[in-house]
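Architecture and fold: a report
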Amino acid sequence: MKATDRRPTPRHPAGFTLPAILVVASALLILAVGLMLVAGIERKTARSFVDRQRAELAAHAGLEEVKAILNREAANDDFLIIASKPLPLQEGEAASPKEQAPYLYLARGTMAGASVNYRYAPLFSAMEQPSETGLLAAPDAASLTGPVTKEFETLPWTGNISTAWIPVTDENEKPVGRYAYWVEDLQGKLDPRVAGNSLGENGDHIRSEWPFPPSRPLDDGQPSQNVIALHALDPASGDEPQGDLTPRVIEGRIAMISPDSVLGAIGVAAPLSRDPDTGLLDDPLASALERNVSPAIQSYAEQPLVPFASGISGTVAGRPKLNINRLLGAPRPDAIDEFSGWINSGLPEFVQRKGGFPEDYLKTLAAGAFDYADEDDEPTVRAGVYRGIDGAPFLSEIVLRIEYLGSIAKNNRRIMNWRMTLFGEFWNMTNHPVEGQARLSYEVALNTSPIGAGGRGRPFDDPYFLDDPERSTHDLTSMNGRYFSAPQTVPLKPDEYRFFKFATVDYAIDVGRNNINLNTTFTLTENEGDARGISVLWNNQETERIAGIVRDSYGMDFNMLYPKQGSQSKGKAAIPGHSYGPYGDHINNMGDPRISHYLRTTRLGENSYATNVSPNRRNIRRGTIFDSDSSVKRKHYGRVMPSEWPDGGHDSPVGTYSLLTNAYLEPDITKMKGPATDARNAPMRLSNEGRFYSVTELGNVYDPVMWYPTYGNSRGASGASDSRTLNDSAQMPASRNVWPDVSNASPAGTDHGGGNTLRIGRPEHERFDKPGWRAAQLLDLFHVGIVDSGDRTDREGPVVEINGQVNINTAGEDVLRALAAGMLQQDPELRRVTNRAHDVQSGRFAPRSQLIEIGTPTTEKAADQVAQALIRSRPFASAAELAAVENADGVPIFGNRDLYEAGQNLEWTDAAAEEVFGRVYDAATLRSRNFRVWVIGQSIAGTWEAPEVMSEARKVFTVFADPGERNQDGAIIPQNAKVKVIYENDF
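Residues numbered from 1 in each chain as written. Predicted model: local features only at pLDDT ≥ 70, side-chain atom pairs only at ≥ 80, totals over all residues. Heavy atoms only, no water.

**A word on the sheet that holds strand S7 (residues 175-185)**
Taken in spatial order, the 5 strands make up an open sheet running S6-S7-S37-S38-S39, and their pairing is antiparallel. The open sheet terminates on both sides in strands that have one partner only, identified here as strand S6 (166-169) and strand S39 (978-986). Averaged over all adjacent pairs, the angle separating strand axes in this sheet is 30 degrees, with direction ignored. Docked against the sheet, helix H2 (residues 47-73) engages S6, S7, strand S37 (930-942), strand S38 (947-962) and S39, running at close to 35 degrees with respect to S38. (Pairing = 2+ DSSP bridges. Helix = DSSP H or I, 4+ residues; strand = E, 2+ residues; numbered from the N terminus. Axes fitted to C-alpha atoms, helices over the stretch in contact; angles between N-to-C directions. Contact = heavy atoms within 4.5 Å.)

**Some thoughts on the side chain of Arg439**
Residue placement: Arg439 occurs in strand S14 (residues 434-442). We note that Arg439 is buried and unpaired, the nearest opposite charge coming from Asp475 at a distance of 8.4 Å. In contact with Arg439, not counting residues within four places along its chain, are Thr477, Met479, Phe484, Ser485, Ala486, Pro487, Phe502, Ser535, Val536, Leu537 and Asn540. (Buried < 20%, exposed > 50% of the residue type's maximum accessible area, 1.4 Å probe, protein only. Lys, Arg positive; Asp, Glu negative; His and termini not counted. Salt bridge = Lys/Arg side-chain N within 4 Å of Asp/Glu carboxyl O.)

**Focus: the environment of Asp337**
Secondary-structure assignment places Asp337 in helix H7 (residues 332-346). Here the alpha-carbon distance between Asp337 and Gly264, two residues 73 residues apart in the chain, equals 56 Å.

**Points about the sheet that holds strand S1 (residues 80-83)**
Pairing within the open sheet is antiparallel, and its 3 strands lie in the order S1-S2-S3. Because the sheet does not close on itself, it has two edges, and the strands there are S1 and strand S3 (115-122). Taken pair by pair, the neighbouring strands of this sheet meet at an average axis angle of 40 degrees, ignoring direction. Of the strand pairs in this sheet, strand S2 (residues 104-112) and S3 are connected by 8 bridges, and their pairing is antiparallel. Residue pairing in the sheet places Ala112 in a bridge with Ser115 of S3.

**A few points about the pairing of strand S21 (residues 521-525)**
S21 sits mainly inside the fold: 4 of its 5 residues count as buried. Alignment of S21 against strand S25 (residues 556-559), held across 4 bridges, turns out to be antiparallel. Each bridged residue has a counterpart across the sheet, and for Thr521 the counterpart in S25 is Asn559.

**Considerations on the packing of aromatic side chains**
Tallied over the full model, the rule gives 32 aromatic pairs. Each member of the aromatic cluster is reached from another via a ring pair, and the members are Tyr404, Trp418, Phe460, Tyr464, Phe465, Tyr507, Phe522 and Phe558. Across from the ring centre of Tyr464, 3.8 Å away, lies the NZ or CZ of Arg471, which sits over that ring. Above the plane of the ring of Tyr657 lies Arg617, whose end atom (NZ or CZ) is 4.3 Å from the centre. (Phe/Tyr/Trp six-rings, centres within 6.5 Å; stacked < 30°, edge-to-face > 60°. Lys NZ or Arg CZ within 6 Å of the ring centre and 35° of its normal.)

In C-alpha cells form, the structure reads like this:
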C-alpha cells in the first residue's frame, strides 16, 4: 500500500463528530495510560508482550469508536440501518465465488420543508464522511476509506473487507498504533431461539389460519415471530415444511449460548469442511444456518415513530405513532376524532381518495376500523357524518306486497279495502353470526288515481290513515316523523340472506257515497318527487337510510271487478346497491349494499318484476335478465357477485328454486328455503377480538371510495369502450371479468361505489398509487402494542417488542424468503376459475371454479420473487414502502394474481391477497441494535510513510445497543442507552 505524505486524519460531519470524538478520545486516553503502564512493564518483560498489549488497546479503540456512534445515534428510535448494494461487475470482470461483504450505514432523516434529507454514519472505519442527500441510498464505501486501507477477512463466505486505517499516536504525535473495523448486522439474521414452530399436525410448522387474523399469536406462551418459516432455510424445503430442521432447532435451543453455537446445538457433527473457493460449508443445511441465523440477538422494546419518508408531513415525522388499541378503548367519538385528525395531519392528501363520497371520509374509516376490531355488533354511526361497518346486517331486498281486497257498502258509503305488507330481506355480510332487534320504516307514498268524481287519493303513509283506527289497523309506531314496524328478532348465520315480514297494514278507505260512479280500473301511482325511502333500526339505532325509492311512474292497475273472485296482488321490490333512478335512466351499480347509504343524488330504483325476486338467497334478477342472457351472463345489473367486485371474493350459491309469478307472495316468501350458508364466502371480515394484533388488519376496513367506474387500457382492451359497455349497456365487457379499480381516468362520482377495502399489501388503485395517497401509508401513522402479552396496558402502550423481527434493509435472500414463505391460510375458499360461463345447473349461478392451494410467488424456491424484489427495492425509509415493491419487470410483488399460476383466474379474498405482505411487515424492522464488530488493531513503529508492524490483534465483539429503561411515554432516556459487549473473541 502506498503511504501518504502525512498522517491521515479522519473527517466527520458535524452531526456525528462530537460524541464520536469524545468517546474515542477517552479510548485513546486509556490507550495512552496503557502505553505508560506498558512502558513500565517493558523493563521487566519481552518487547513482544508490549507490542501485543498495544495492538489489543488499538483494537479496543476501534470498538470504542463504534460504541461512540451507537451510543449517540442509536439513543433514539428513528435511525435506520442500511447496507450497500453489491457492486456491479466491470466489463470483462469475473464474478467472485464469494459473496460481496456489505458495508453498513446508520442513517438519520430530517425534514427539509416538504422533503426529507438523510445523513449517514459509516459503520466501518473511514477517513471521509458521506454527504447529506435527499435520497435514501448507501454511499459508495470506496470513496470514504481513503488511500491507506486494510483488507481483511471476516466471514469465510464473504470477500475481503477493505476499510481505512485509523491512526493512534502518543502524546508527542508519534505513531504507536492503528485500527480498522467493519460492523456486521446480526439483526439481518433469524433468531433460532424465536423463529419456527412445530404446533401443527404431526409437529409441522403452521401459520395462523382463517378466521383468526394472521398476526394473532399461535400460542400465548410463545413469541409471535415463531410463525417465521424457519424451515425455508433448508434448501430442500419450500412453502410447506420438508425435512426436520425446525424440530432439531427447537430441541437444541437450550444449548444455543454463543454466537456460533447453532450447528453444535442441532447436532451437526465435526469436522466441518468448506468449499475452498466459496467459503461455504459443504453441508447445504449447515451452510444455510451458519449464514442466516444468530442466537446472540437480544430482544428489546421500541417506541414506534412516524418515519421520515416521502408523503409524510413534516409536522408528524419523528413523532410517536398512535396506538390504535388505545384508541379502541377510548370513548368512541373522541377516538374517531383523534384517528381522523392524525391522518389529516400526517397524510394531508389522503382525504382526496374519497372521490364523491358525501360524508367525512377519514372519520368513516376510523369508525370502520374500530367496528372491525371491537367485540360488539353495533355499528358506529353519527348521522350525516360517519358510519362504521359492524355485524349489523344490511338490507338486501325490500318487497311491498299490495293487495286490493275489494269494496263494500257501509252506512251508504263506499269503502275500499287494502292490505299492504312490508317484507325486508337482510344479508349478514360478515363471517360471524349475528342476532338483534330490527325495525323497518313504513314509507308508502303510493296513492290512487281519481275514483268517481274525487281527486287523487292520499298517500298510504299519511297520518290521516295511520293515526285513525277506523281507517287502518296495524302495529306501527310513530317515531320522529316516520312510522316504524314493531321490533323483530333477526338471527342470521354468516353470509345468510333471509326475508322477514315487518308490517301488515289494513286499510278501509271511504271514497264517497255508495252510489258514486266507480271506474272499472284505477291506478296506484307514486310521483318521483313524492318518493319515500326506508330506514333500518338495528337495536334501536338507525344503521341504514335510503332516501327514496323511485317506483314505476306508470303505476299499477287494479280491476274493480276482480276482487269478487279474490284479492288482487301486486308487488314492488327494490334491491339496495344495484340499480338507481327511474326506469329507463337507471344507474347500475355492482350490488354491494354497503354503499347504498351514500348514494344520495339518485334514488333507489324498484324492481317490479316478480320473477326477479330471489327470496332468502343471493340477489339475482333471474327471470327477466339472467336466464335470458348469454351463456357467460354478461348482464351484470341486479346481481351480487363479489368475485366481480374490485377486491374480489367468492360467490354464494343461489340454489335451485321455481320462478315466481306476479302473485309472487304466494306462498309466503319468508318461508321459502334458501341454500346453505358458508362463512368462508362472506365478503366482509370482522375480527371481534376486542383488539388489533397488527396494524395491517386495517386492510380489512371497508373503503367507501366513490368514483365513476372507468377501466384503464390493458391487455389490448380499450378502457373507454369497455367503460361504456359496463355503464351504458350494463354488461361486463368481454375482455374483463371484474369491475374496474379507480384508474387515473376515473372521475369522482356520487352514484357509484362498493366492493373495496383498504388496499394494504396488494396493488393499490392506480389513481392512489403515489406517496401520501396509498392506504399502506396508514401503517406509518399507527401501531399496536406488544402482541405477546395479554396485559391490556401493554397492548395499549406506547412501545412494541422487537423479538425476532428482522432488519429487511440488511437481511439476505434466504432470510427474507423465510419471512414470506408458507401456504396461504387466510382464505379457505381459494379457487381457480375454470370456465367463465355461469354454472346454472348446480345452483351456483356463477363462473365454474375449483378449490386450490397456493403459497408464495416463486421462481425456484418458495418466496424467491418476494425476496429478490425486496433486495432490489431497498433501502426502505418506512416499512410501509414494502407494499409498493415491484420486481424487475415493474410488476407489484405483493397480492398480484399474475405472479401465480392461475393468473387472472385466481379467485381469492382481499385478506388472502394481503397475507404475504402482512407476514413480512409484522416480522420486519428497519433498525438494528445487535451487531458484531470486527476489528484489527496493530502496534506500529517508524513513520506513517514507512510503518513497521510490531504486533497485530484481531478481535470480534458481539454488541447490543441497549436502549435501556424508557420514559413512561416510551421515549429513550439518553443516559440509559448504552452499548453492551455480549461476547468477545479473537479471529
